[in-house]
Amino acid sequence: MIFARDKSQMCNNLLQFAHVYAYGREHGRHVLSMRFSYKYPYFAIKHTRHTNFFLYLIAKWAAAIRLIPTAKFKDGCDFRKEESVIERHRHVIVSGWNVRYYELFLKYRSEICALFEFNPVIEKKVQCYMMKCENGYGESKGANNKNKGCVRLGVHIRRGDYDTFKGGVYYYDNSTYANNIKWFCSLHPEAKMIHVYISTNDPSVSVASFQELCGDSPISIHLLGGNQAEDLCLLSKCDYLIGPPSTFSLVAAMYHDIPLYRMDTADPSNQTPESFKKFDYWFRRII
C-alpha cells in the first residue's frame with residue numbers, strides 16, 4: 001500500500017494524490033489518500049474501499065514510529081532516490097508536493113476525474129443554482145455551442161494567502177478582475193449574455209460591486225458563496241475560466257477540459273483567444 005500524504009490545501013492535495021495514484025495504477029499498487037480519508041468528504045473517492053479513517057490512523061501511527069518508510073518529494077530532492085524508496089517497500093508513505101508523473105497522470109486521467117466526482121448533493125445544488133441564474137437565457141452546453149447565446153465564464157478571485165505568495169504579485173484588486181471580464185466580453189461579441197460565476201475566498205467580494213464595475217449588459221454576475229467543493233463544481237461547469245496561477249482553477253479545468261486563461265499579469269490585453277489553453281498545457285506549468 002502506498003499512502004499519499006500532503007499538508008497543503010484541497011486542490012494541491014488532489015493533484016499530489018493523483019500523481020501517486022497514477023504511479024500506483026501503472027505498477028499494480030493500491031494507493032490511499034491520507035488527506036481525503038478524513039478532511040474533504042465531497043468526492044466519490046471518500047466511498048472507495050481503500051479510503052477510510054481506520055487505514056489513515058494506522059498509516060499515521062506507523063509513520064510516527066517509523067515502522068513505514070517515507071519517500072519525501074521536497075524541493076530540490078533527488079527524485080530517483082525517493083522513487084527507489086517506493087519501489088523497495090511494500091508499504092510506504094509518499095509525501096511532498098514535488099512528486100510528478102505527468103504522463104501517467106494523463107494516462108489515467110479519466111479514472112482520476114471519476115474518483116473526484118462531486119457528491120450528488122453538491123451537483124444538485126450547483127446545477128439548480130446555475131439554472132436559476134440563467135433562467136430566460138437558456139442553458140449553455142459548452143464553449144462551442146453558442147446557439148442559445150449564453151456563455152459561462154468562471155472567474156477565480158484568489159485573495160487570502162495570495163497577499164504574500166510570490167510577494168503578492170497575483171493579489172489582484174477588483175478592478176483588475178473586472179477589466180479582464182470586460183475584455184473577455186469583447187472577445188465574444190456574438191454572446192447575448194455572459195454569465196460570470198465568481199469563486200473567491202474573499203468574503204468582501206459582492207455581486208453588486210462587480211456588476212457596477214463590469215456594467216449591466218451583456219454581463220451578469222453571480223456569486224454562489226458555497227464551500228470550496230461547491231465553488232469548484234461551479235467552475236467546472238463553465239465554458240471558460242479566468243484566474244491567477246492556482247491549482248483551484250486548474251483542477252476545475254481538469255474535469256471537462258475547459259479552456260483556462262491564467263492571469264500571469266494584471267493587463268487584460270494579454271487575454272486572447274489563443275491564451276485560453278487546456279488542462280494538459282497548464283498542468284505542466286504549475287507555478
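A.B. asks: For this particular structure, what's the right way to read the side chain of Thr247?
C.D. replies: Tracing the sequence through the fold places Thr247 in helix H10 (residues 247–256). By relative accessible area, which is 11% here, Thr247 ends up buried.

A.B. asks: Help me understand a positive patch on the surface, please; the structure alone is not making it clear to me.
C.D. replies: Together, Lys7, Lys60, Arg66, Lys72 and Lys74 make up a positively charged patch on the protein surface. Considering the arrangement of structural elements, one finds Lys72 in strand E3 (residues 70–72). The partly exposed category is assigned to Lys72, whose relative accessible area is 41%.

A.B. asks: I keep staring at the pattern of salt bridges and nothing clicks. Help me out?
C.D. replies: When the charged atoms of two side chains with opposite charge come close together, those side chains can pair. Inspection of every chain in the model, using the stated rule, returns twelve salt bridges. Among the salt bridges present, the one from Glu83 reaches Arg80, with a minimum N-O distance of 2.9 Å. With a gap of three residues between them, Glu83 and Arg80 both fall in helix H3 (residues 79–88), about one helical turn apart. One salt bridge connects Glu103 with Arg284, and the closest N-O pair in it is separated by 2.5 Å. In this pair, Glu103 is assigned in helix H4 (residues 102–107) and Arg284 in the segment after helix H11 (279–283), connecting sequence segments 181 residues apart. For Glu103, a relative accessible area of 53% translates into the label exposed.

A.B. asks: Explain the environment of Lys182 to me, please; I cannot follow it from the model alone.
C.D. replies: By the element assignment, Lys182 lies in helix H7 (residues 174–186). Here Lys182 falls in the partly exposed class, since its relative accessible area comes to 36%. The sequence separation of Lys182 and Cys214 amounts to 32 residues, and the corresponding C-alpha distance is 6.3 Å. Leaving out residues up to four positions away in the same chain, Lys182 has contacts with Leu213, Cys214 and Ile219.

Calculation rules
- Residues numbered from 1 in each chain as written.
- Predicted model: local features only at pLDDT ≥ 70, side-chain atom pairs only at ≥ 80, totals over all residues.
- Heavy atoms only, no water.
- Helix = DSSP H or I, 4+ residues; strand = E, 2+ residues; numbered from the N terminus.
- Buried < 20%, exposed > 50% of the residue type's maximum accessible area, 1.4 Å probe, protein only.
- Patch = residues over 30% accessible without salt bridge, like charges linked within 9 Å, V, L, I, M, F, W, Y side chains within 5 Å.
- Areas by Shrake-Rupley, 256 points an atom, 1.4 Å probe, with all protein chains shown as cover.
- Salt bridge = Lys/Arg side-chain N within 4 Å of Asp/Glu carboxyl O.
- Lys, Arg positive; Asp, Glu negative; His and termini not counted.
- Charge placed at Lys NZ, Arg CZ, Asp CG, Glu CD.
- Contact = heavy atoms within 4.5 Å.

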